[in-house]
Amino acid sequence: MASPANLLRLCLRPSRRLPNLGASAARQFAHRRPLSTTQWRPAPTPKSPDDEASEKAVDDELEKAFKNPGEYFNSLISDESVSDEERRLAQRMLEDWNKVPPAEQQDIEQLAQDVTKEAAQLRRPVFVKRDSFWHVDEPDQDLITDEVGEDDFEEDDIMAMAHAKLEEHREFREYARIAVWEMPLLSKMAKPFEPPTEAEVLRFRYTTYMGEFHPADRKVVVEFCPKDLPDLSEAQQLKLKKLAGSRYNPERDIIKMSCERFEHQAQNKRYLGDLVNKLIETAKDPTDMFEDIPLDTRHHKFKPQIKFPKEWYLTEERRKELEGQRKQALLLDGQKRTEGALIDGVEVIQHAMLHAKPVETVPVLRRGQRGRR
Amino acid sequence: MPPRLNFWSACRALSVRTRALAQRPQPGPATLARGLADNTSSRLPPHDRSGALPPSMLPANEQPTSPENEAALNQLRLIEYGLSPLDPAVEGHKYGLPELPLPTDKHTKHRYDAVIQQITRLLMKDGKLAKAQRDMAMILNYLRTSPPPRLDPSKPLLPGAPPAHHLPLDPVLYLGLAIDSVAPLVKIRGFKGMAGGGKSLDVPMPLRARQRRRTAFLWILDVVNRKPSKGSGRTMFPHRVAEEIVAVVEGRSGVWDRRTQVHKLGTANRANLNNEYVKGKL
Amino acid sequence: MSAPSCLRCLVRPSAGVTVSSLPRSSPLAVARAAPFSTTTANLRPKKEVQTGGAPKGHVRSGKMLQLGKFKKGKAGDRGRTPAPGERKAYRKRITLSNDNAIPVPWLTDLGPADLANPANTARIMALPTEVQDQLRASEAFKPTQCWGMFRKPAVLVRKETIDMANRMQNAADKRHTLRLVVSGDKLTGKSLMVLQAMAHAHLNNWVVIHIPEVQELTTACTEYAPIPNTDPVQYMQPVYVLKLLQAIRRANEGVLSKILTVSAHPELSQSMPPNTPLLALAGAAKEPDAAWPVFQALWSELTAQGANRPPILLSADGLAHMMKVSDYRSPAFDLIHSHDLALVRLFADALGGGLRLPSGGAVIAATTRSNAPRTPSMELALAQREAEANKGLGGPSSSGAVEVPQRDPFFRGYDDRVEAVLRSVQVLRVRGVDKLEARALMEYWAASGMLRATVDEKAVTEKWALSGGGVPGEMERAALLTARI
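Conventions used here
- Residues numbered from 1 in each chain as written.
- Chains lettered and ligands numbered in written order.
- Predicted model: local features only at pLDDT ≥ 70, side-chain atom pairs only at ≥ 80, totals over all residues.
- Heavy atoms only, no water.
- UniProt positions renumbered as here; feature names shortened; annotations may be inferred.
- Helix = DSSP H or I, 4+ residues; strand = E, 2+ residues; numbered from the N terminus.
- Buried < 20%, exposed > 50% of the residue type's maximum accessible area, 1.4 Å probe, protein only.
- Contact = heavy atoms within 4.5 Å.
- Salt bridge = Lys/Arg side-chain N within 4 Å of Asp/Glu carboxyl O.
- Axes fitted to C-alpha atoms, helices over the stretch in contact; angles between N-to-C directions.
- Parallel < 35°, antiparallel > 145°, perpendicular 65-115°, else oblique.
- Left-handed = near helix turned anticlockwise from the far one by under 90°.
- Nonpolar A, V, L, I, M, F, W, Y, C, P; charged D, E, K, R; others polar.
- Domains from an automatic or database assignment.
- Buried area = accessible area lost by both parts, 1.4 Å probe.
- Polar contact = N/O pair within 3.5 Å; in protein donor to acceptor, adjacent residues only side chain to side chain.
- Patch = residues over 30% accessible without salt bridge, like charges linked within 9 Å, V, L, I, M, F, W, Y side chains within 5 Å.
- Areas by Shrake-Rupley, 256 points an atom, 1.4 Å probe, with all protein chains shown as cover.
- Lys, Arg positive; Asp, Glu negative; His and termini not counted.
- Charge placed at Lys NZ, Arg CZ, Asp CG, Glu CD.

Taking an unreviewed UniProt entry as the reference, chain B is identified by name as Small ribosomal subunit protein uS7m belonging to Parathielavia hyrcaniae. Database annotation for chain B, UniProt heading Subcellular location (unreviewed entry): "Mitochondrion". Reading the Sequence similarities (unreviewed entry) entry of the UniProt record for chain B gives the comment "Belongs to the universal ribosomal protein uS7 family."

An unreviewed UniProt entry lists chain A under the name Mitochondrial ribosomal protein, from Parathielavia hyrcaniae.

Here it is as structure tokens:
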């Protein structure tokens, strides 16, 4: 068969400098590097001008082979430096080539030519500019560019912001997809809500960050009312409140505790449960009931519940009462006016002035010290 | 948490509660906050029906009354206010018409006498009006309690003034009289350089009432601020001002001389009113 | 130079004003009476020109540089500076009458039983002259009160006054001691309550000992000295006690001159045999050093068993100052508790019930809201007494059950000695006056000519409302101490 591997072997024949990639070579290499885990790579050999010439020769051969395979095979057969094995191989390949219909042969040749033309750009040798400033010490040839025309905009792209916008749109669409196709399936997992019963005295609060890992999602908070705990007498409840300290809210009558010492929610919850049990146990312990210590509520500021006083509402009765008072006041005034008992300050003064005897003062002429006391 | 939706809770909601039920002791705040499922009492705080919104607090359209009753009530109200309900001028006015002219001191901005207001503001320092008002009250009280002034005929007060023994009991009049009597009628205004030789030309200009009072009171304050303090406490300054007012009315004050001086100057320079530079600029 | 126009009013001679139209007693007329007089009008002594630096005959006169030559001298004649105590006397002077005020015709003087007579509610009654002198001697009047605006000092007889006077009378009749604290909001008339109690006492010939300002005893402004042979150490305040003795003498002259001593007092420097009038005993102290022993002797005489003594009224204004640690320091530089000051201790013992007055009497103290230190123990004690009294009256009234306030268990500033003193006192809470009393006040003011308004229901209601429900001090501010006359 005209396998590419055989074809390549034939083409690469002229260049005898290439190493013989036989199995022996592999065995030798394995022996030489028993503990290596990395791939073997040849040491970079310094290329001499002979090497470059031979590489160029290889390229030419390849071109010739693919452009006109029939001729190439013929030339190989007629070449004397070719070994028997290779001649036989070339002959077989020539027979295979002749079996192919001529139209196809032409297509293949045309294809080869097109490919060569297209690849010519790539195969064009890159000349290292000796005088280049930016790439003087650059070992990697691939990184050496001309920079001319690099930043030319061929009207074939959009800005990074626009890409981001499209990405955003894609994200929206992704979530829309999820919402439409997958979320309705959640209804299958819906459980009817069963509110807690009277027996469930402790109320736990957990935190989730919807899949993210967050250090605050391990905290568990428990709330309970001392009154709800079973079998606690009043004195024991009071002791429990004293033990709770500032965790007790006297206005709501609730003890609230939290725990985030441990790494997992379950551990924290367990700790809280144990703590509540310990509290109840200590509250029931009759050894010291803390009777002499008053309940400290200094940590809580009681909000004054100010309500509009009922006495201030202007009801019908109050309105009638006020009207009655005003009527009475008017009557009193009228009565006093008729009696002459209504006192008017201005009238009193005028009356007094009319009847007062003015003090006869002799006007004094002050001599000598005018303008001074 | 809402109560459980089931047959029993629905029945409870629709049933009529008797009085006894309503007066069951309400649960404490903690249980209300938790709202348990088998907690039989309502979520809402205790609603006392007896303290329902009184009918007078209800919006007008809900109040139980008829238009005829309303009219009758209005008439009764008018009678109570001493007005005749059948008087066409009063009809339609619930509290009657005001007595015109409206008393000037019932306007917020004209509560105080004009002289008092002006003088109070002249007493004010650093914007402390309350302190100035208090000082003014103390001045008036001093005038009320000081003996009636002995007038000096060489320093006559404003014509039409009441006799001296009437003044203490009307301290506003006392103060106003003192200030208006000692107020100068003109001020001397200088036209720079118009007198020839670089001197300014003195021209007497008339003063309006407020300007006169202001000048007079600033002279009085000048004298007061130079006086030494005798006592202590917050009546020091107002009593000094009041003493100066009494001195003005009795003719002992130095402010009279200042007034005479200004008038002399004005009289001497009255010809300058006809000056050619001045005529057009007055 | 003669002016052609009148300089007073700038009127020209051509306006027709002649000499004859001028008032007759004008200086011009007088001057014309002596036309040939050569006396000049202004006889002013020449002011000596100040030469700075050296005087005239000195070797260096006229040769020294005078920097202050052009400086204006101090404006005006400053006069003499007031002597020490003059400024305080000026500030604290009390005027009890105003001759400009109109005498109120229907004002009657107080009689001995008037303050306890319920028929006198909402009436203004004048203080008799003797009582005025007695109260002035005890410094019962305060300069912030409006005594100086009216012709005669008069007081309003309120419900609270009648209540208090009746309690005093009961105590005197039964020979018990009334122990009362007058408390209330500011300007409600607590000091005036005490004054009325003192007036009642004077009218009924009691002996009155009044401490006008308790803060003078405890703010370390008078001299103090330890009393020897006392354990725990007690301190006396000799200067204050001397002043107090003189006040007691002047206020209770009539009563004390009729009481005779029952025992001799050998510890006094002046010999006081028995059967000397107490007035002489009170006057025995002429120096502060002798003041405290004389006071002790006087007190022992007044509370002597078996002798026929009149009831005693001990009154004080500003209770909070004596219910705390004072500002005095002991020789070891510790602060002295007020109750270790002898005079304060006497009062505190009397108020606490430890001191028995054989002839009965009253111990009345008023709190003050302006200028009072925070005294949690006193506030708590008074609140407790009030709550207990309200509870005892008839159970919880409309606004919920009245709870007796308890000590805050976490507060450490309570004073046991103060609580012991106030454990069983009665509390009289003074509130605003009602409309009837307010009307009486305003009618009195208008009748005196101090209120230029018609006193009808509208005016009374207005002032009553403005004063926060009839607080008398605020009513005075709104009606009398205003520029809106």
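Enquirer: Quick question: what am I supposed to make of the UniProt feature "domain: Small ribosomal subunit protein uS7" (unreviewed entry) in chain B here?
Expert: According to UniProt, the feature "domain: Small ribosomal subunit protein uS7" (unreviewed entry) maps to residues 107–270 of chain B in the numbering used here. As a span, residues 107–270 of chain B carries 52% helix and 7% strand, and end to end its C-alpha atoms are 42 Å apart.

Enquirer: Help me understand the environment of V222(A) in this model?
Expert: Residues and elements named next belong to chain A. Counting through the fold element by element, V222 comes out in strand β2 (residues 220–224). Looking at V222, the relative accessible area reads 0%, which means it is buried. Remark: the alpha-carbon pair of V222 and K269, spanning 47 residues in sequence, is separated by 8.4 Å. If sequence neighbours within four positions are ignored, V222 has contacts with L202, R203, F204, I255, K256, M257 and L272.

Enquirer: Looking at this structure, how should I read the pattern of salt bridges?
Expert: Any two side chains of opposite charge can pair if their charged atoms end up close together. Residues and elements named next belong to chain C. For the structure shown, the criterion picks out 43 salt bridges over all chains. R385 is the partner of E388 in a salt bridge, and the nearest nitrogen-oxygen pair spans 3.2 Å. Highlighted residues: E388 and R385, both in helix α12 (residues 376–394), separated by three residues, approximately one helical turn. Relative accessible area serves as the criterion here: at 38%, E388 is assigned to the partly exposed category. A salt bridge links R439 to E443, with the nearest nitrogen and oxygen atoms 3.1 Å apart. Note that R439 and E443 are positioned in helix α14 (residues 435–447) at a spacing of four residues, about one turn of the helix.

Enquirer: Whenever I open this one, the packing of helix α7 (residues 238–251) of chain C against helix α10 (residues 288–302) of chain C confuses me. Can you help?
Expert: In helix packing, the relevant descriptors are the interaxial angle and the interaxial distance, both defined with respect to the helix axes. Residue and element names in this part refer to chain C. Their axes nearest at 8 Å, the elements α7 and α10 cross at an angle of 55 degrees. The angle between α7 and α10 falls in the class oblique. Seen along the crossing, α7 lies across α10 with a hand that is left-handed. Contacts between α7 and α10 involve P238, V239, V241, L242, L244, L245 and I248 from the former and P288, A291, W292, V294, F295 and L298 from the latter. Considering only residue class, the contact of α7 with α10 consists of 13 nonpolar, no polar and no charged.

Enquirer: Just to check I follow, could you spell out the domain arrangement of chain A for this structure?
Expert: Interface size is commonly expressed as the accessible surface area that is lost when the partners come together. According to the domain assignment, chain A contains domain 1 (56–122) and domain 2 (203–284). Put simply, the middle of domain 1 of chain A and the middle of domain 2 of chain A, counted by C-alpha atoms, are 87 Å apart.

Enquirer: How should I be thinking about the interface of chain B and chain C in this particular structure?
Expert: Each partner contributes residues to the interface: chain B has 39 residues there, and chain C has 31 residues. Summed over both partners, the interface of chain B with chain C comes to about 3100 Å²; 54% of that surface belongs to carbon and sulfur atoms. Contact with chain C buries surface across chain B, with R144(B), L169(B) and S232(B) losing the most and accounting together for 20% of the total. The tally of links between chain B and chain C comes to one salt bridge. The partner of R452(C) in a salt bridge is D170(B), and the shortest N-O contact between them spans 3.6 Å. If you look at where chain B meets chain C, you find nine residue pairs in polar contact (both at pLDDT 80 or more). Residue assignment for the side of chain B that touches chain C shows that the elements contributing at least two residues are α6 (129–145), α7 (171–182), α9 (236–250) and α10 (255–268) of chain B. Ranked by residue count, the leading element in the side of chain B that touches chain C is α6(B), at seven residues.

Enquirer: Before we go on, may I ask you to explain a negative patch on the surface in this structure?
Expert: Together, E147(A), E150(A), D151(A), D152(A), E154(A), E155(A), D156(A) and D157(A) give the surface a local cluster of negative charge. Following the sequence through the fold, D151(A) ends up in the loop between α6 (102–123) and α7 (160–182).

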